[in-house]
Amino acid sequence: MENGTIKKKAAPRRKTPARPKSLYSQDELKEIFRRFSIQRPEPKGELEHVNPFTLVVAVALSAQATDAGVNKATRALFKVADTPEKMLALGEEKVRDYIKTIGLYRNKAKNVIALSQMLVDRFGSEVPRTREELIMLPGVGRKTANVVLSMAFGQATMAVDTHIFRIANRLRLAPGKTPDEVEDKLIRLIPDEYLYHAHHWLILHGRYCCKARKPECEHCVIADLCRSPEKTCDVPAPLVELPPQLFGPTP
Ligand code: SF4
């Protein structure tokens, strides 16, 4: 206290996490995501769902399965069970019948029933809005929770699936040995203004262009910026504004 007044302490400065090492400058990263934003202005996930509950179920079922395969099974399932109560009323055996074309369906059916029960018992039949609560649900891991937070609740997250993991490492964009490491680096590297859609842009880029077996570099909108040793075309570098239609069809 000085002269009868209380001296206020300056609020501690929030530390900005250090930018992880990357082969790409901030300007190049901005350019990469700017092009993705032109190519797919409103990217959407491809898992069909009608509300947050069916989204949680669809994402939980999609582990080691394709979105198309999950959609085929859930279309009929969600017609009869689009709430935790209806799913419980259906019962594990019938859920199993609906999803038996999906890999690991026995275990997944068990989880769908268990997560429905937990939603009813602990969360008032509502899908919770925090990662900590979401990962309490049986069959829901960090990746599923991130997808739900992004698609159902509009939060900017980075759910690292097989495509994102491959691209982050292949392009040396955010190399990491585990999905968590890649997620952490991408979140810190991707310019804020592009973070919300980045998850879908990277998945769709991996699914339709930078494919696992053979990347289609000749159709790639970032070929001139890409520093992947697996790049199969040699595109000259200058950063020029090119209309997206020059790069072929997009899904
Ligand atoms: S240039 Fe080829 S390797 Fe690089 S991001 Fe495009 S498709 Fe992938």
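Residues numbered from 1 in each chain as written. Predicted model: local features only at pLDDT ≥ 70, side-chain atom pairs only at ≥ 80, totals over all residues. Heavy atoms only, no water.

Visitor: Mind showing me how you'd approach the side chain of D224 here?
Guide: By secondary structure assignment, the location of D224 is in the segment after α11 (192-208). Given a relative accessible area of 15%, D224 falls into the buried group. Within the structure, D224 has its side chain in polar contact with the side chain of R35 (distance 2.7 Å). (Helix = DSSP H or I, 4+ residues; strand = E, 2+ residues; numbered from the N terminus. Buried < 20%, exposed > 50% of the residue type's maximum accessible area, 1.4 Å probe, protein only. Polar contact = N/O pair within 3.5 Å; in protein donor to acceptor, adjacent residues only side chain to side chain.)

Visitor: Hey, could you run me through the pattern of salt bridges in this one?
Guide: A pair can form between side chains of opposite charge whenever their charged atoms are brought close. As enumerated under the stated definition, the model contains 14 salt bridges in all. The partner of E31 in a salt bridge is R35, with the nearest N and O atoms 2.8 Å apart. Linking E31 with R35, this pair stays in helix α1 (residues 26-39), spanning four residues, or about one helical turn. Taking the relative accessible area as the measure of exposure, R35 reaches 8% and is therefore buried. Ionic pairing is found between D184 and R188, a salt bridge with its closest N-O pair at 2.8 Å. Of this pair, D184 and R188 both sit in helix α10 (residues 179-189), four residues apart, roughly one helical turn. On the basis of relative accessibility, which here comes to 40%, the residue D184 falls in the partly exposed class. (Salt bridge = Lys/Arg side-chain N within 4 Å of Asp/Glu carboxyl O.)

Visitor: I tried to follow helix α8 (residues 142-153) on my own but got confused; where do I start?
Guide: For the α-helix, the turn length of 3.6 residues means that residues three or four positions removed from each other point alike. In this model α8 runs 15 Å from its N-terminal to its C-terminal C-alpha over 12 residues, within 8% of the 16 Å that 1.5 Å per residue would give. What α8 keeps buried is the set T144, A145, N146, V147, V148, L149, S150 and F153. At its buried positions, α8 is contacted by α2 (52-61), α7 (131-134), α10 and α11. Once α8 ends, the next one or two residues include G154, with phi positive near 65°. (Expected span 1.5 Å × (residues − 1). Contact = heavy atoms within 4.5 Å.)

Visitor: So what exactly am I meant to see when it comes to unusual backbone geometry here?
Guide: Glycine aside, a negative phi is what most residues show, and trans is what most peptide bonds show. Non-glycine residue Q64 carries a positive phi angle of around 55°. As for its placement among the helices and strands, Q64 is situated in the loop between α2 and α3 (67-80). For Q64, a relative accessible area of 73% corresponds to the exposed category. One non-glycine residue, S125, lies in the positive phi region at around 70°. Within the secondary structure, S125 sits in the loop between α6 (105-123) and α7. Judged by its relative accessible area of 22%, S125 is partly exposed.

Visitor: Where do I start with the site of the ligand in this structure?
Guide: All residues in the neighbourhood of the ligand are listed as L171, H205, C210, P215, C217, C220, I222, A223, C226 and K231. At a threshold of 2 Å from the grid points, most atoms of the ligand map onto the largest cavity. In terms of residue class, the shell around the ligand is built from eight nonpolar, one polar and one charged. (Near = heavy atom within 4 Å. 1 Å grid on protein atoms, 1.4 Å probe; cavity = no way out; pocket = protein on both sides within 12 Å on 5 of 7 lines; lining within 4 Å. Sits in = over half its atoms within 2 Å of the grid points. Nonpolar A, V, L, I, M, F, W, Y, C, P; charged D, E, K, R; others polar.)

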